[in-house]
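Fold and contact review
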Amino acid sequence: SMRGTICASVWVPLAAGYKVQWGRVKKQFSCSTLQLMHAVLPYGLLVQCLITPLVDPPGILNFKWTKEAIFWIGLSGLAAFLVN
């Protein structure tokens, strides 16, 4: 859809910039990835929770939670965990 294309077009450069910034800060403060995650991710989670309603207008409460949907969401989460 056009809306999805626009969201992806905005989100991909932001994600790339985040990745570059992550590496720069890690190198600047010479800290481990876990130390950096401990310092940064709580704030990142807060920001993500605040912008989720803007990115996902129907919201989580209107989603139809079928067994198949839960399976695919869980599989997606597992795949994301294994990639990282």
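Up top you'll find the structure we're talking about.
The shown structure was predicted, so the numbers you read here are calculated from the model rather than taken from an experiment.

Conventions and cut-offs
Residues numbered from 1 in each chain as written. Predicted model: local features only at pLDDT ≥ 70, side-chain atom pairs only at ≥ 80, totals over all residues. Heavy atoms only, no water. Helix = DSSP H or I, 4+ residues; strand = E, 2+ residues; numbered from the N terminus. Rg over C-alpha atoms; globule rule 2.2 N^0.38 Å. Buried < 20%, exposed > 50% of the residue type's maximum accessible area, 1.4 Å probe, protein only. Areas by Shrake-Rupley, 256 points an atom, 1.4 Å probe, with all protein chains shown as cover. Patch = residues over 30% accessible without salt bridge, like charges linked within 9 Å, V, L, I, M, F, W, Y side chains within 5 Å. Salt bridge = Lys/Arg side-chain N within 4 Å of Asp/Glu carboxyl O. Phe/Tyr/Trp six-rings, centres within 6.5 Å; stacked < 30°, edge-to-face > 60°. Polar contact = N/O pair within 3.5 Å; in protein donor to acceptor, adjacent residues only side chain to side chain. Disulfide = S-S within 2.5 Å.

**Some details on the overall build of the chain**
Of the regular secondary structure elements, the chain holds 3 helices and 0 strands. Against the compact-globule benchmark of 12 Å for 84 residues, the chain has a radius of gyration of 16 Å, which places it well outside the compact range. Its C-alpha atoms give the chain principal-axis dimensions of roughly 45 × 30 × 20 Å. Among the 84 residues that make up the chain, the fraction classed as buried is 6%. Within the structure as shown, the chain displays about 7,600 Å² of accessible surface, and the carbon and sulfur contribution to it stands at 73%.

**Observations regarding the environment of Asp56**
Among the structural elements, Asp56 can be located in the loop between helix 2 (33-55) and helix 3 (67-83). For Asp56, a relative accessible area of 37% translates into the label partly exposed. Sequence separation between Asp56 and Leu45 is 11 residues, and the spatial gap between their C-alpha atoms is 16 Å.

**Notes on a nonpolar patch on the surface**
Together, Met2, Ile6, Val10, Trp11, Leu14, Leu54 and Val55 give the surface a local cluster of nonpolar side chains, amounting to about 770 Å² of exposed area. Secondary-structure elements contributing two or more residues to the nonpolar patch are helix 1 (2-29) and helix 2. It is helix 1 that provides the largest number of residues to the nonpolar patch, a total of 5 residues.

**Considerations on the packing of aromatic side chains**
By the definition in use, this model includes 3 aromatic pairs. Taken together, a centroid distance of 5.9 Å and an interplanar angle of 40 degrees make the contact between Tyr18 and Trp22 tilted. Taken together, the positions of Tyr18 and Trp22, both in helix 1 and 4 residues apart, correspond to about one turn of that helix. With relative accessibility at 43%, the residue Tyr18 sits in the partly exposed group.

**Quick notes on the environment of Leu82**
When you line up the elements, Leu82 lands in helix 3. Residue Leu82 is classed as exposed on the basis of its relative accessible area of 63%.

**Some remarks on the environment of Ser9**
Residue placement: Ser9 occurs in helix 1. Here Ser9 falls in the partly exposed class, since its relative accessible area comes to 48%. Residues Ser9 and Leu45, 36 residues apart in the sequence, show an inter-C-alpha distance of 22 Å. Of the polar contacts made by the side chain of Ser9, one reaches the backbone oxygen of Thr5; its length is 2.8 Å.

**Some points on the state of the cysteines**
Inspection of the entire model under this criterion finds 0 disulfides. For the unlinked cysteine Cys7, the closest cysteine sulfur is that of Cys49, found at 18 Å. You can call Cys7 partly exposed: its relative accessible area is 37%.

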